[in-house]
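Coordinate inspection notes
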Amino acid sequence: MKTLLVVHHSPSPTTHELLDAVLAGARDPEIEGVEVKVVPALVATVPDVLAADGYLFGTTANFGYMSGALKYFFDTTYYQCLGAVSDRPYGLWVHGNNDTAGAVSSVRKLATGLGLVAVADPLEVTVSVDKSVRDGCYELGGTVAATLMD
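All values derive from a computational prediction rather than experimental measurement.

Let us look at the nonpolar core. With 28 residues, the main nonpolar core has V7, Y55, F57, L70, F73, F74 and L116 as its most contacted residues. Of all the elements in the fold, those that place two or more residues in this core are β1 (2–8), α2 (46–51), β3 (54–62), α3 (68–81), β5 (89–95) and α4 (101–114). It is α3 that provides the largest number of residues to this core, a total of six residues. In contact with Y55, not counting residues within four places along its chain, are L4, L5, V49, V85, R88, P89, Y90, G91, L116 and V144.

Within a regular strand, the side chains alternate between the two sheet faces. Sheet topology note: the β1/strand β2 (residues 34–40) ladder contains seven bridges and is parallel. Directly across from K2, in β2, lies its bridge partner V34. Note on the crossover from β1 through helix α1 (residues 13–26) to β2: the handedness is right-handed.

The next subject is the pattern of salt bridges. Per the counting criterion, the structure on display carries four salt bridges. Among the salt bridges present, the one from D135 reaches K131, with a minimum N-O distance of 2.8 Å. With D135 and K131 both in helix α5 (residues 131–146), this residue pair falls four residues apart, about one helical turn. The class for K131 is exposed, based on a relative accessible area of 57%.

Quick look at the packing of α1 against α5 now. At a closest axis distance of 6 Å, the pairing of α1 and α5 adopts a crossing angle of 45°. For the element pair α1 / α5, the angle class is oblique. Between α1 and α5 the crossing geometry is right-handed. Between α1 and α5, the contacting residues are E17, L18, A21, V22, A24, G25 and A26 on the first element and V133, R134, C137, Y138, G141, G142 and A145 on the second. Among the residues forming the contact of α1 with α5, the class breakdown is nine nonpolar, three polar and two charged.

So, how was this worked out
- The written sequence of each chain sets the order in which its residues are numbered from 1.
- Side-chain atom pairs in this predicted model are given and counted only at pLDDT of 80 or more, local residue features only at pLDDT of at least 70, and totals for whole chains, interfaces and linings cover all residues.
- Side-chain figures throughout are based on the complete set of non-hydrogen atoms in the structure, without hydrogens or water.
- Here, nonpolar core means buried Ala, Val, Leu, Ile, Met, Phe, Trp, Tyr and Cys residues that are tied together by side-chain atoms lying within 4.5 Å of each other.
- Only protein chains enter the calculation, and the probe is 1.4 Å; a residue is then buried if its accessible area is under 20% of its type maximum, exposed if over 50%, and partly exposed in between.
- Runs of E in the DSSP output that reach at least two residues are strands. Runs of H or I that reach at least four are helices, and both are numbered from the N terminus.
- Note on contacts: a residue pair is in contact if any heavy atoms of the two residues lie within 4.5 Å.
- By definition, two strands form a pair when at least two bridges between them are found by DSSP.
- If the strands point away from the viewer and the path from the first strand over the helix to the second runs clockwise, then the crossover is right-handed.
- Salt bridge, as applied in this entry: a Lys or Arg side-chain nitrogen positioned within 4 Å of an Asp or Glu carboxyl oxygen.
- Helix axes are fitted only over the stretch in contact, all axes being lines through C-alpha atoms; the angle between N-to-C directions runs from 0 to 180 degrees.
- Note on terminology: angles under 35 degrees are roughly parallel, angles over 145 are roughly antiparallel, angles of 65 to 115 are roughly perpendicular, and the others are oblique.
- For a crossing to be left-handed, the near helix must be turned anticlockwise from the far one by less than a right angle; the clockwise case is right-handed.
- Ten residue types, Ala, Val, Leu, Ile, Met, Phe, Trp, Tyr, Cys and Pro, are classed as nonpolar, four, Asp, Glu, Lys and Arg, as charged, and the remainder, Gly among them, as polar.

Have a look at this one:
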């Protein structure tokens, strides 16, 4: 069984709705052999990262950057995981009121440094959550989870 680690910061009803849609996609019934482990960014640990085969990161965009919670996650896991997680797949979703570019860029830099491989374009949400946004989240979760199937 492969493990997909979902590390997120979902402080608002909107970001939690995005998380729920991503998880629904990752847990699609057609995806077999993948366990989805969901851990808030402030409590995710090095063992969580090392035990996972792939990753989904979710964050708010705050002042042109990822959330402080996701930054804390990377600060506390990065160097201990460096070289140990190379070539593992990841996906990213970001919610912002008007701009997500800085948050996406900052997560990409850290993921690239870890040697992670983006298997989907980042999902950047700056609009109200509607069916198309939920569908995009579902697709993101499903895409990353499907890359882990044997």
